[in-house]
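# Structural characterization, general
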Amino acid sequence: MTKTNSSEWGTLQSEMERQSHSAETGRRSGRHLISLEDLDSMTDNMDTELVHNDNGEGEEENEQDESELFTYWRDVGRRHLVDVPRDMEEPIQQMARNNQSQDRQPVPFTPLGHKTRQQADEPLYEKRQYEKANWACVTQNEPGYEQSTCKGFMKLMKYICQQNSTGLFLGMTLPIVTIVHTNQNRSELLPGVTIAYYIPTHFQHQVPQPFDADIVIDESPARIIYTRSFNGITNEDSILQEINRLAEDLDSPELFLQDTFIVAGYNNPADPNRRNEIWFIQRP
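For clarity, every value in this text was computed on a predicted model and none was experimentally measured.

Aromatic rings in a pair are described by how distant their centres are and how their planes are angled relative to each other. Inspection of every chain in the model, using the stated rule, returns eight aromatic pairs. Ring geometry for Phe109 and Tyr130: centres 5.4 Å apart, planes at 40 degrees, overall tilted. In this pair, Phe109 sits in the loop between β1 (105-106) and β2 (110-117) while Tyr130 sits in strand β3 (residues 122-130), placing the two residues 21 residues apart along the sequence. Owing to a relative accessible area of 33%, Phe109 belongs among the partly exposed residues under this scheme. Judged by its relative accessible area of 7%, Tyr130 falls in the buried class. What links up through ring pairs into an aromatic cluster is the set Tyr125, Tyr226, Phe256, Phe261 and Phe280. Here Arg128 stacks its cationic end above the ring of Phe109, 4.4 Å away from the centre of that ring.

Listed below in C-alpha cells is the structure:
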C-alpha cells in the first residue's frame with residue numbers, strides 16, 4: 001500500500017467541528033469562465049472528430065488533428081478568460097485518444113434506500129454507502145468556482161495522462177467530485193475548492209504517485225452520503241440552489257455537515273439532460 005498524504009478530502013472528519021468560517025468572502029466574479037464540464041465536453045467532441053478522421057491517411061494527418069485539438073482547447077479557454085498552457089497539449093491528446101465514454105469506471109457504492117415525495121412520486125434523495133478508497137485531490141483558491149475547478153481539473157488530467165509514477169494512462173472514473181464550502185446561512189460559496197478523482201479499482205492497492213506536488217493521494221474513510229440529481233450547469237448560483245433545496249427535504253439536516261458539500265459531475269454540457277448531483281455528508 002502506498003503512503004497517502006493528508007488534504008481536505010481525507011480530513012473531512014475535522015469539518016464536523018467547524019460550524020462557521022471566520023470571515024465573509026468578496027462578491028463572486030461575474031466573468032464567465034471555462035468550467036470542468038467545458039473541459040470534458042471539449043474532449044468528447046474532439047475525440048469523436050479524431051475517430052471519424054482516422055481513415056488511414058498516415059501520421060501527418062493525425063499530427064494535424066492533434067494540433068487542432070490543442071488549438072480548440074486554447075481558443076475556447078481564451079474566450080472564457082482562462083489560459084490553457086502549452087504543457088496541456090500532451091494530456092489533451094492522451095485524453096482524446098484513450099478516454100472513451102464506455103470505458104469510464106463508476107465510483108462504487110452501496111445503495112441504502114431513497115425517499116420520494118408521496119403525491120408526485122418525485123425523488124427527494126438517495127442514501128448511499130461509500131467505502132474507504134483512495135482519491136487524487138487538488139485544492140484551488142481562485143476567486144471563482146469555475147476558475148478553480150478548471151485549473152484543478154487540468155492538474156488532474158496530467159496525473160491521469162501518464163504524469164504519475166507508473167507512466168500509464170490511468171483511465172477516467174466518474175463522477176469527478178468537487179468539495180465546496182458555504183457561509184453559515186448557505187447563501188454564498190467560499191473560496192477554496194478541492195477537486196477529486198477516484199483512483200481506478202485496479203490501482204487502489206498500489207496507487208500511482210503524482211509528479212505534481214499540488215496533487216495529494218488521500219484515503220477517504222467510509223461514509224454515508226445523501227444525494228439528489230439535478231440537470232444543467234454547475235456554477236455558484238445553481239450549486240447554492242441545489243444545496244438549499246436538498247436541505248429542506250432532509251428529515252434531520254442537523255445530522256450532516258453544515259457548510260461542507262460535494263458536487264458530483266457525470267457528463268458534459270453537450271448532453272441536453274446531463275446529470276450532476278449534490279452530496280450531503282452524514283456525521284458518523
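Tracing the sequence through the fold places His114 in strand β2. Expressed as a C-alpha distance, the spacing of His114 and Glu126, which sit 12 residues apart in the sequence, is 4.2 Å. Excluding anything up to four places from it in sequence, His114 contacts Tyr125 and Glu126.

Another point: the sheet that holds strand β4 (residues 133-140). Read across the open sheet, the nine strands follow the order β2-β3-β9-β11-β10-β6-β7-β4-β8; overall the sheet is antiparallel. Since the sheet does not close on itself, it has two edges, and those belong to β2 and β8 (216-220), each with one partner. Looking at each pair of strands side by side, their axes are set apart by 30 degrees on average, direction ignored. Taken together, the seven bridges between β2 and β3 define a ladder with antiparallel strand orientation. Paired with Thr110 across the bridge in β3 is Gln129. Packing against the sheet, helix α4 (residues 145-160) makes contact with β4, β6 (176-181), β7 (193-198), β8 and β10 (260-265), and its axis sits at approximately 30 degrees to β7. Together, β2, β3, β6, β9 (223-231), β10 and β11 (275-281) form the strand contacts of helix α5 (residues 236-249), whose direction differs from that of β11 by roughly 55 degrees.

Another point: the pairing of β11. The buried fraction of β11 amounts to six of the seven residues, a majority that puts the element mostly inside the structure. Both β9 and β11 contribute to a ladder of seven bridges, which runs antiparallel. Paired with Ile225 across the bridge in β11 is Ile281. As paired strands, β10 and β11 are joined by four bridges and run antiparallel to one another. Within β11, the residue paired with Val263 across the bridge is Ile278.

Next up on the list: the nonpolar core. In terms of nonpolar packing, the biggest core is built from 67 residues, with Tyr159, Tyr197 and Phe280 touching the most fellow members. Tallying contributions element by element places α4 first for this core, with eight residues. Once residues lying within four places of it in the same chain are set aside, the contact partners of Phe280 are Ile224, Ile225, Tyr226, Ile243, Leu246, Ala247, Leu250, Phe256 and Phe261.

All right, on to unusual backbone geometry then. The linkage connecting Leu174 with the following residue, Pro175, adopts the cis geometry, with an omega of 5 degrees. Following the sequence through the fold, Pro175 ends up in the loop between β5 (173-174) and β6. Its identity as a non-glycine residue notwithstanding, Gln162 has a phi of 80 degrees, on the positive side. Mapping Gln162 onto the fold places it in the loop between α4 and β5. On the basis of relative accessibility, which here comes to 32%, the residue Gln162 falls in the partly exposed class. The phi torsion at Arg186 lies on the positive side, around 55 degrees, for a residue other than glycine. Along the chain, the position of Arg186 falls in the loop between β6 and β7.

The next thing to look at is the pattern of salt bridges. Overall, the coordinates contain 13 salt bridges when judged by the stated rule. In this structure, the salt-bridge partner of Arg74 is Asp75, at a minimum N-O distance of 3.7 Å. Residue class for Asp75 comes out partly exposed when judged on its relative accessible area of 31%. Among the ionic pairs, Asp212 bridges to Lys155, the shortest N-O distance being 3.0 Å. Pair noted here: Asp212 is in the loop between β7 and β8 and Lys155 is in helix α4, with a separation of 57 residues, a long-range link. Its relative accessible area of 25% is what places Asp212 among the partly exposed residues. Here the residues in one salt-bridge network are Glu126, Arg128, Arg275 and Glu277, joined through shared partners.

How each quantity is defined
Residues numbered from 1 in each chain as written. Predicted model: local features only at pLDDT ≥ 70, side-chain atom pairs only at ≥ 80, totals over all residues. Heavy atoms only, no water. Phe/Tyr/Trp six-rings, centres within 6.5 Å; stacked < 30°, edge-to-face > 60°. Helix = DSSP H or I, 4+ residues; strand = E, 2+ residues; numbered from the N terminus. Buried < 20%, exposed > 50% of the residue type's maximum accessible area, 1.4 Å probe, protein only. Lys NZ or Arg CZ within 6 Å of the ring centre and 35° of its normal. Contact = heavy atoms within 4.5 Å. Pairing = 2+ DSSP bridges. Axes fitted to C-alpha atoms, helices over the stretch in contact; angles between N-to-C directions. Core = buried A, V, L, I, M, F, W, Y, C linked by side-chain atoms within 4.5 Å. Salt bridge = Lys/Arg side-chain N within 4 Å of Asp/Glu carboxyl O.

Purely geometric stuff here, so don't read any function into it on its own.
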